[in-house]
Amino acid sequence: MADQARALSWQFWSGLTFFLIVVAGTFVGIGWLYYTAMDAQEVPLKRLVVQGDLRYVTAADVRDALIAENGVPLGSFFSADVNELRAEVEAMPWVEKASVRKEWPDILKVFVVEQVPLAHWNANQRDDALLNQAGEVFYADKSGLEGGLPYLAGPDHAVAEAVKHYRQLNELLQLNGFSIAQLELSERFSVELALAQGTMLRLGREALLERIQRFIDVYPELEAHKDAPIDAIDLRYDTGVAVRWKEPNKNEKQES
């Protein structure tokens, strides 16, 4: 009986030991797999694919934005958080929004939607301030800007009003061969324009479209009225306009 009891005890303890070894080995294996998966050196994201209609952002710019402080370019396939990576890309000045996804085994794909500039904003205060097509202010390096953008200025709390006036007035002007180079909205919401053709228009605060139409109607007659170019037209009247012509260039007068 004693021998049988000892045999049963040995079997119990040996079975328990084997079970504990199996459990411990399982946890060790899970831990190894976890740290291997999280280790950027074991399952690294090696390739970056940047897509989108890009004018101001390059793939190198995106890679630079994603490089971690420890020098690991993109991280591990399993550990890299696409939401964090997207936030890093969207923090870039010329990026409006981005989407990021991983593709097995080692590809990180980033789709970028760039800011589309509408105009300069308060350039006399900050030379990097721009307005996008949604009428939102953003700040970016302007050295790569393509084409001439108009200059809009006004109170920071009245960005939406300045953009609305610009769109409405410029649409009507362009239909008649003019375009806005500058628009200034005063603290009292009075509007003043500088046309690309070189004429200043003072519109005031009311009936802006009607006053622009009045300018369009009278401009041919005004232009033919005097040899000197028109400097400014004040349209802040119920009827009629006040006109100032540019003084002849003295140098040109002497040469002629």
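Residues numbered from 1 in each chain as written. Predicted model: local features only at pLDDT ≥ 70, side-chain atom pairs only at ≥ 80, totals over all residues. Heavy atoms only, no water.

(A) Molecular detail of the packing of aromatic side chains. Counting across every chain of the model gives six aromatic pairs. Seen in terms of ring centroids, Phe178 and Tyr219 are 5.1 Å apart; in terms of plane orientation they differ by 85 degrees. Their pairing is edge-to-face. Linking Phe178 in the loop between helix H4 (159-174) and strand E8 (180-185) with Tyr219 in helix H5 (residues 208-225), this pair joins segments that are 41 residues apart in sequence. Since its relative accessible area comes to 10%, Phe178 is described here as buried. Residue Tyr219 is classed as buried on the basis of its relative accessible area, which comes to 14%. Taken together, the ring pairs in this structure connect Tyr56, Trp94 and Phe138 into an aromatic cluster. Its guanidinium or amino end placed over the ring of Tyr139, Arg126 lies 3.9 Å from that ring's centre, counting from NZ or CZ. (Phe/Tyr/Trp six-rings, centres within 6.5 Å; stacked < 30°, edge-to-face > 60°. Helix = DSSP H or I, 4+ residues; strand = E, 2+ residues; numbered from the N terminus. Buried < 20%, exposed > 50% of the residue type's maximum accessible area, 1.4 Å probe, protein only. Lys NZ or Arg CZ within 6 Å of the ring centre and 35° of its normal.)

(B) Just H5, in detail. Taking 1.5 Å of rise per residue, 18 residues should cover 26 Å, and H5 covers 25 Å from first to last C-alpha, within 8% of that figure. Along H5, the sharpest change in direction is near 45 degrees and occurs at Val218; proline Pro220 comes one to four residues later. Taken as a whole, H5 has its buried residues at Leu208, Arg211, Ile212, Arg214, Phe215, Ile216, Tyr219 and Leu222. Its buried side turned inward, H5 meets H4, strand E9 (191-195), strand E10 (200-204), strand E11 (230-234) and strand E12 (242-245). (Expected span 1.5 Å × (residues − 1). Bend = angle between axes of the 7 residues up to and from the residue. Contact = heavy atoms within 4.5 Å.)

(C) Examining the sheet that holds strand E2 (residues 95-103) more closely. Ordered by their spatial adjacency, three strands build an open sheet running E1-E3-E2, and the pairing between neighbours is mixed. Each edge of the sheet is formed by a strand with only one pairing partner; in this case those strands are strand E1 (47-51) and E2. Pairwise comparison of adjacent strand axes, ignoring direction, gives a mean angle of 20 degrees for this sheet. When E2 meets strand E3 (residues 107-114), the two strands line up antiparallel, connected through eight bridges. (Pairing = 2+ DSSP bridges. Axes fitted to C-alpha atoms, helices over the stretch in contact; angles between N-to-C directions.)

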